[in-house]
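If you want the building blocks of each chain, they are given just below.
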Amino acid sequence: MDKAVPRTRIRPFLTLFVLLLLALVVYQTATISRSRAMADLLDSSSADLNRYALSLQQELDRYKDLPKLLSSHSELINLLLLPGSESVYRANLYLEKVNNTIGASDTYLMDIEGNTLAASNWSQERTFVGRNFSFRPYFRDALAGEAGRYFALGSTSKKRGYFFSYPVEYRDRLLGVIVVKIDLNDIETDWSDPMTDILVTDEDGVIFISTRGDWKFRTLEPLPQDDLQRIMSSLRYGDHELKSLPVVERKPFEMSQIITLVEGQRIDNVALDGIDPQRYLQQVAQVPDAGFNVSILASLKPVERRVLTSVMLAVFIYGALVFLLLFLLARRRIVQERSRFKQQQTLALERNEARVRAIIDNTHAGLITLDAHGVIESLNPTAEKLFCYGSGLLTGEYFSKLLAQEDRAVCWQHITGEASGPDELMIEACGIRMDGSRFPVELIIGRMSETDAGRFLITIHDLTERKEYEVELKQARDQLEYRVAERTQDLTRANARLLHEVEEHKQTQNELIQTAKLAVIGQMSAGINHELNQPLTAIRSYADNASSFLKLGKLEPVSGNLEEIAGLTERMAKIISPLKEFSRKTSGQTVPVSLKAVRDGAMSIMYGRLDKAKARIEWPDRLEKVFVLGDMLRLEQVVVNLISNALQAMEGRNEKWIEIELERQADRLCIAFRDHGPGIPEQELGKVFEPFYTTKQAGQGLGLGLSISHRIVESMDGHLKVANHPYGGAVFTIDLPAVDAPDDKIGVQ
Ligand code: ADP
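A. Quick peek at the sheet that holds strand β5 (residues 173–183). The sheet built from 5 strands is open, its strands ordered β2-β1-β5-β4-β3 with antiparallel pairing. Two strands in the sheet have a free side with no partner beyond their single neighbour: β2 (116–119) and β3 (148–153). Averaged over all pairs of adjacent strands, the angle between strand axes in this sheet comes to 25°, irrespective of strand direction. Packed onto the sheet, helix α3 (residues 74–81) meets β1 (106–111), β2, β4 (160–170) and β5 and runs at close to 125° relative to β5.

Here you go:
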């Protein structure tokens, strides 16, 4: 990890270095190979040039002395001295013969005026005979008494020719000029090399021999107008235009120069797109006495190809070397990694072995390995300690020696049994220590893995402590079971007692409820007294009246009075009947209860008191549709208690007004009783449901009403809560499970 970080940092620099080195290698290779290729090209083209110049020289040399030789021939002198048809004929024949023999193009004789008197081609259609060539420089040179040499395009034949001339003299008198013309086309055809071009230029630089047909009669450099005019007027090259070659660049190189030609279409000396500029190495050699130069133009394409090949080879070799280096580095790294991995592995193995050894030596279990015959091969210190043998004393002994006689057979059977049998045997046996004492052990005799086939590993646990512990455990369990039985009995008894107490409590509660009812009845009795007093007084006066009418014998009013009495008793029975209902004990079952029924029941009890106290009570409408789950009589008792408390609280107030409101929340129904009394002091709010809490004077209240009401509501799975209204008065809320109006009236109260 430590090494990986710098390596990744170095990598970009290394890559840059490799690329820079590659660029250097490419540059150096290109430079060296170019200079070598150029040197080779220079050598080879210089050798070629010399060869071509020499061959040209030799070709010319073959003819150079022929005019001189011919000039002294008598036939020709005769013709010049004594012109006549006979001498012309003979001279023509002679020249024809000579011309054929030497292989020249034409041989002809001119007088000092330049008129051709005889010619080798006398018999041909385009014969020189009769033509005047006094304008040719070679004629003038010969007239001057010198051997003339000249290259020109034949004015008659239109063929390029090289002219050798010589004056014909007789006794120091100039008579005429003899000319031998040779054809240079053959030389051109001999010179053919695809990579080099040969040019022969005259003293003006006009190309008149070239291996490239299109370069003929062009110049190496543009000629000044004067020179052009002069050459044109000499008719040397007929009517050829003598345009210069399209050279765009000239660079000196050693003793020669490199020229760049743009062949093809050009506009204002600028090469058009797609036209490939060609570069040549130009070398020039002079042909002595001939009056012209031979140039060789060697294409630089082979040089460029050689440079490219060398560069590619260098890049390839460089690439191969770099890859080889990378490969060697990678290999070295892999070898290093491998050896490191091996070291780590060996270290890990050693550590592992040491750990296993430590585990074996320090384990609390005794470990013994046996060979296939049950002989002890090795054992750990724990095993030696278990059997109280000194170190190394048990090795080579039979394992059965460590077991009691009765347990040996089972172990022996497993050790000598089939290898395909169970791999492991676990038994509890009796071990024998060195001193002969016995102790309980647990043995696990296991076959070793395939590599140690036939051998066994025995794991031994001393069971002495466990056995003691088991005995202790058994005793403790027995004790516990005994105590549990005892406790169960106690609990059963306590349970029975509790059940009994609950039963008693229920009874007490019922009695308390009954007492509370009676207390309410007691409170109501004054009102009932008042209610009953009226009809009683009326009955009495009706009875008195009836007896007076009877005495008078008036039977009709008697029956009227008796009917009135019967009506009044019915009314009295009605006044008393709710009291009977109220004091009745209830079943305690919860059923859907109509709030209308509760209201009617409570109101029939409270009617008299409300009326007397001139109190107003407001029940919500459509109560017949509202049902709660509960016990009607008990709920009625709670409602009576709440209304009665509200009446007592509002005593002495001008306006006595009780508002009852309903609120349905999901499956619950809240019935709130708000009075317009003084409310309950805040600190007393938590106490009002406590039994015997009362603020009333002795004899007026027991302080049990709300406590019992609270329990009654809770027994119906509801809650009774108290709060003070923000605008005064107390609000008692009964919260009960709501039910939808049942379809059938079975079980509905
Ligand atoms: P009791 O009516 O016999 O005193 P309750 O348990 O019915 O017993 O009421 C306990 C006390 O709660 C009352 O003495 C009274 O002080 C208070 N209390 C009950 N209802 C109201 C109420 N509507 N307004 C004010 N105080 C009330």
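B. Here's a closer look at the packing of aromatic side chains. Evaluated as defined, the whole model comprises 18 aromatic pairs. On the numbers, 5.6 Å between centres and 50° between planes, the contact of Tyr108 with Phe133 is tilted. Taken together, the residues Tyr108 in strand β1 and Phe133 in the loop between β2 and α5 (137–143) connect sequence positions 25 residues apart. Grouping residues by exposure puts Tyr108 and Phe133 together as buried. Of the residues examined, Phe133 reaches a relative accessible area of 3% and is grouped as buried. Above the ring of Tyr52, the side-chain terminus of Arg51 is found at 5.0 Å from the ring centroid. Here the guanidinium or amino end of Arg616 rests over the ring plane of Trp657, the centre of that ring lying 4.6 Å away.

C. Spatial organisation of the side chain of Thr733. Residue position: Thr733 is located in strand β25 (residues 730–739). With residues near it in sequence (within four places) discarded, Thr733 still touches Cys670, Ile671, Ala672, His719, Leu720 and Lys721.

D. Highlighting the packing of helix α13 (residues 595–613) against helix α14 (residues 632–649). Remark: α13 packs on α14, axes separated minimally by 9 Å, with the N-to-C direction vectors making an angle of 30°. The pairing of α13 with α14 is recorded here as roughly parallel in orientation. By crossing handedness, the relation of α13 to α14 is classed as right-handed. Note on element contacts: α14 touches α13 through Met632, Leu635, Glu636, Val639, Val640, Ile643, Ser644, Leu647 and Gln648, opposite Leu595, Ala597, Val598, Gly601, Ala602, Ile605, Met606, Arg609, Leu610 and Ala613. Tallied by class, residues from the contact of α13 with α14 come to 14 nonpolar, 3 polar and 2 charged.

E. Here's a closer look at the nonpolar core. Membership of the largest hydrophobic core comes to 49 residues, with the highest contact counts inside it found for Tyr162, Ile182, Leu184 and Phe292. With near-sequence residues (within four places) excluded, Leu184 lies in contact with Leu60, Phe151, Arg160, Tyr162, Phe208 and Ile209. By size, the runner-up hydrophobic cluster in this structure holds 46 residues, among which are Val598, Met632, Leu704 and Leu736.

F. Up close: a negative patch on the surface. On the surface, Asp462, Glu465, Glu468 and Glu472 cluster together to form a negatively charged patch. At 3 residues, helix α11 (residues 464–551) tops the list of elements feeding residues into the negative patch. Mapping Glu472 onto the fold places it in helix α11.

G. Expanded view of the sheet that holds strand β13 (residues 292–299). Sheet architecture is open: 6 strands sit in the order β7-β6-β13-β12-β9-β8, paired in antiparallel fashion. Edge positions in the sheet fall to β7 (207–210) and β8 (247–253), since each of these pairs with one other strand and no more. Taken over all neighbouring pairs, the strand axes of this sheet differ in orientation by 30° on average, direction set aside. Bridge analysis of strand β6 (residues 196–202) against β13 gives 7 bridges, and the strand direction is antiparallel. Each residue of the ladder has a partner; that of Thr196, found in β13, is Ala298.

H. Fine view of the site of the ligand. Near the ligand lie 18 residues; those nearest to it are Asp675, Thr694, Thr695, Lys696 and Leu706. Note that an oxygen atom of the ligand is positioned 2.3 Å from one of the side-chain N or O atoms of Lys696. Gly705 places a polar main-chain atom, nitrogen or oxygen, 3.4 Å from an oxygen atom of the ligand. The protein chains hide 92% of the 530 Å² of surface that the ligand would expose on its own. Of all the elements in the fold, those that place two or more residues in the shell around the ligand are α14, α15 (705–715) and β25.

I. Representation of the environment of Asp202 in the model. Residue placement: Asp202 occurs in strand β6. In this structure Asp202 comes out as buried when scored by relative accessible area, which is 2%. With 143 residues separating them along the chain, Asp202 and Glu59 place their C-alpha atoms 17 Å apart. Reaching out from Asp202, the side chain makes a polar contact with the backbone nitrogen of Asp204 at a distance of 2.8 Å. A polar atom in the side chain of Asp202 sits 2.9 Å from the backbone nitrogen of Val206.

J. Spatial organisation of the pattern of salt bridges. According to the stated counting rule, one finds 31 salt bridges in the structure shown. The closest approach of N and O atoms between Asp202 and Arg236, which form a salt bridge, is 3.5 Å. Taken together, the residues span a long stretch of sequence, with Asp202 in strand β6 and Arg236 in the loop between α7 (225–233) and β8 at a distance of 34 residues. Owing to a relative accessible area of 7%, Arg236 belongs among the buried residues under this scheme. Linked through salt bridges whose partners overlap, the residues forming this network are Asp197, Arg212 and Asp214.

K. Inspection of the environment of Ala404 at higher detail. Along the chain, Ala404 falls in the loop between α9 (381–386) and α10 (405–416). Between the C-alpha atoms of Ala404 and Arg668, which are 264 residues apart in sequence, the distance is 80 Å.

Rules and cut-offs
Residues numbered from 1 in each chain as written. Predicted model: local features only at pLDDT ≥ 70, side-chain atom pairs only at ≥ 80, totals over all residues. Heavy atoms only, no water. Pairing = 2+ DSSP bridges. Helix = DSSP H or I, 4+ residues; strand = E, 2+ residues; numbered from the N terminus. Axes fitted to C-alpha atoms, helices over the stretch in contact; angles between N-to-C directions. Contact = heavy atoms within 4.5 Å. Phe/Tyr/Trp six-rings, centres within 6.5 Å; stacked < 30°, edge-to-face > 60°. Buried < 20%, exposed > 50% of the residue type's maximum accessible area, 1.4 Å probe, protein only. Lys NZ or Arg CZ within 6 Å of the ring centre and 35° of its normal. Parallel < 35°, antiparallel > 145°, perpendicular 65-115°, else oblique. Left-handed = near helix turned anticlockwise from the far one by under 90°. Nonpolar A, V, L, I, M, F, W, Y, C, P; charged D, E, K, R; others polar. Core = buried A, V, L, I, M, F, W, Y, C linked by side-chain atoms within 4.5 Å. Patch = residues over 30% accessible without salt bridge, like charges linked within 9 Å, V, L, I, M, F, W, Y side chains within 5 Å. Areas by Shrake-Rupley, 256 points an atom, 1.4 Å probe, with all protein chains shown as cover. Salt bridge = Lys/Arg side-chain N within 4 Å of Asp/Glu carboxyl O. Lys, Arg positive; Asp, Glu negative; His and termini not counted. Charge placed at Lys NZ, Arg CZ, Asp CG, Glu CD. Near = heavy atom within 4 Å. Polar contact = N/O pair within 3.5 Å; in protein donor to acceptor, adjacent residues only side chain to side chain.

What is shown is where atoms sit, not what they do.
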